[in-house]
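Residues per chain are reported as follows:
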Amino acid sequence: MVHFVGAGPGAKDLITLRGKELIEKADVIIYAGSLVNPELLDYAKEGCSIHDSSKLDIDEVLEIIKNAEKEGLTTVRLHTGDPSIYGAIREQMDLLDKDGISYDVTPGVSSFCGAAASLNLEYTLPGISQSVIITRMEGRTKVPEKESVEALAAHEATMVFFLSAGDSKRLSERLIAAGLTEDTPCAIVYKATWPDEKKVICSLKTLPEAASKEGITKTALIIVGKAVAQSGYEMSRLYAPEFTTEYRKGKNKDA
Ligand code: SAH
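Reading the values: rules and limits
Residues numbered from 1 in each chain as written. Predicted model: local features only at pLDDT ≥ 70, side-chain atom pairs only at ≥ 80, totals over all residues. Heavy atoms only, no water. Domains from an automatic or database assignment. Contact = heavy atoms within 4.5 Å. Buried area = accessible area lost by both parts, 1.4 Å probe. Salt bridge = Lys/Arg side-chain N within 4 Å of Asp/Glu carboxyl O. Polar contact = N/O pair within 3.5 Å; in protein donor to acceptor, adjacent residues only side chain to side chain. Nonpolar A, V, L, I, M, F, W, Y, C, P; charged D, E, K, R; others polar. Phe/Tyr/Trp six-rings, centres within 6.5 Å; stacked < 30°, edge-to-face > 60°. Helix = DSSP H or I, 4+ residues; strand = E, 2+ residues; numbered from the N terminus. Buried < 20%, exposed > 50% of the residue type's maximum accessible area, 1.4 Å probe, protein only. Lys NZ or Arg CZ within 6 Å of the ring centre and 35° of its normal. Near = heavy atom within 4 Å. Areas by Shrake-Rupley, 256 points an atom, 1.4 Å probe, with all protein chains shown as cover. 1 Å grid on protein atoms, 1.4 Å probe; cavity = no way out; pocket = protein on both sides within 12 Å on 5 of 7 lines; lining within 4 Å. Sits in = over half its atoms within 2 Å of the grid points. Pairing = 2+ DSSP bridges. Axes fitted to C-alpha atoms, helices over the stretch in contact; angles between N-to-C directions.

> I tried to follow the domain arrangement of the chain on my own but got confused; where do I start?
Interfaces are often sized by the accessible area lost when the parts come together. By the assigned domains, the chain splits into domain 1 (2–106) and domain 2 (111–229). One C-alpha centre belongs to domain 1, the other to domain 2, and the line joining them spans 29 Å. Between domain 1 and domain 2, the contact holds 11 residues from the first and 11 residues from the second. Around 820 Å² of area is buried between domain 1 and domain 2 when both sides are counted, 72% of it from carbon and sulfur atoms. In this assembly, domain 1 and domain 2 are joined by 0 salt bridges. For the interface between domain 1 and domain 2, the tally reads 3 residue pairs in polar contact (both at pLDDT 80 or more). When the residues that make up the side of domain 1 that touches domain 2 are grouped by side-chain class, the tally is 8 nonpolar, 3 polar and no charged.

Take a look at the structure:
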């Protein structure tokens, strides 16, 4: 059995209880060494066989899993954040299916949630934006044309860019060329929730300068949109005193 486990964004105590228990019981752990906090491996039992997948190709990962299966061992495949976001888990699942190896998934706290927490940020402010666009600039992996930076910017929703901090200058230029104003609020968060986390609030125009001043080129998220300013929003209806819900009777303000 293989358990895909979301390791969370970095801090050792931001893994789920289920994820931690699976690590404690695992005979074999394959973890993404480039991004997963190695302190999480402290939870592994003695004698657990631990492999860093950043040094392995997919065939080598599969080989380790198959050998474990032959011996009836349990494998944890530890992915950073939540495995469903840029986790390349589908291709692994398809290979496991071919070999009749069963698996399940334990979610994790994605880095975009970790970054919001570090900034005390609500992505979905009433009157500002009610959507979060999780996306990336293309790299070796292509992005469909309909999801280009320019196409998505047209929504003026809150945008979170993964895997794009290496070229914040290009990102800033493209978003401005797409029609977002130069003063659109932005944040760049490096290693959210890690002890060496760095976070900067800036504008679309000053984003490249802010990133280069802090020396941030990877392991960072770029958040763009008016929500980053955390002001000018409307109060939520849910907690409005006069609002009646299924759980609470609203107060009549005129009474
Ligand atoms: N599955 C992961 C994302 C993996 S893609 C998740 O849910 O977070 C790797 C990219 O995620 C990095 O290039 C960076 O853009 C982002 N990332 C991962 N961990 C991060 C962290 N702690 N702080 C900021 N960005 C992070």
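More follows now that the structure is in view.
> I tried to follow the packing of aromatic side chains on my own but got confused; where do I start?
Between two aromatic rings, the relevant description is the distance of the centres plus the angle of the planes. A complete count under the given rule lists 3 aromatic pairs for this structure. Ring plane angle 85 degrees and centroid distance 6.0 Å describe the contact between phenylalanine 4 and tyrosine 103, whose orientation is recorded as edge-to-face. Placement of the pair is phenylalanine 4 in strand β1 (residues 2–6) and tyrosine 103 in strand β5 (residues 103–106), with a sequence separation of 99 residues. With relative accessibility at 1%, the residue phenylalanine 4 sits in the buried group. Since its relative accessible area comes to 22%, tyrosine 103 is described here as partly exposed. Between lysine 20 and the ring centre of tyrosine 43, over which it is positioned, the NZ or CZ distance is 5.2 Å. Here the basic side chain of lysine 191 rests over the ring of tryptophan 194, its NZ or CZ set 4.1 Å away from the ring centre.

> Whenever I open this one, the site of the ligand confuses me. Can you help?
Ile85, Ser110, Ser111, Ala192 and Ala220 are the nearest of the 18 residues found near the ligand. One nitrogen or oxygen atom from the main chain of proline 9 is found 2.8 Å from a nitrogen atom belonging to the ligand. Within the contact set of the ligand, a nitrogen atom lies 2.9 Å away from a backbone nitrogen or oxygen of threonine 80. Summarising the interface, the protein chains cover 95% of the accessible area of the ligand, which totals 540 Å² for the free molecule. More than half of the atoms belonging to the ligand lie within 2 Å of the grid points that define the largest pocket. For the shell around the ligand, the two domains that each supply at least three residues are domain 1 (2–106) and domain 2 (111–229).

> Please clarify how unusual backbone geometry should be interpreted in this entry.
With a phi close to 50 degrees, tyrosine 86 is a non-glycine residue in the positive phi region. By secondary structure assignment, the location of tyrosine 86 is in the loop between β4 (75–79) and α3 (89–98). Here glutamate 156, not a glycine, exhibits a phi torsion of approximately 55 degrees, which is positive. With respect to the element layout, glutamate 156 can be found in the loop between α5 (149–153) and β7 (158–162).

> Please explain the side chain of serine 129 as it appears in this structure.
By secondary structure assignment, the location of serine 129 is in the loop between α4 (111–118) and β6 (132–136). Judged by relative accessible area, which is 6%, serine 129 ranks as buried. Among the polar contacts listed, one links the side chain of serine 129 to the backbone nitrogen of threonine 158, at a separation of 3.2 Å. Once residues within four sequence positions are removed from consideration, serine 129 is found in contact with Tyr123, Thr124, Ala157 and Thr158.

> For this particular structure, what's the right way to read the sheet that holds strand β2 (residues 28–31)?
By definition, the strands of a sheet pair up through backbone hydrogen bonds, in either a parallel or an antiparallel sense. Within the open sheet, the 5 strands sit side by side as β3-β2-β4-β1-β5. Their pairing is parallel. If you trace the sheet from one side to the other, it starts and ends with β3 (49–52) and β5, each paired once. Averaged over all pairs of adjacent strands, the angle between their axes in this sheet comes to 20 degrees, without regard to strand direction. The sheet strands contacting helix α2 (residues 58–70) are β1, β2, β3 and β4, and the helix crosses β2 at an angle near 165 degrees.

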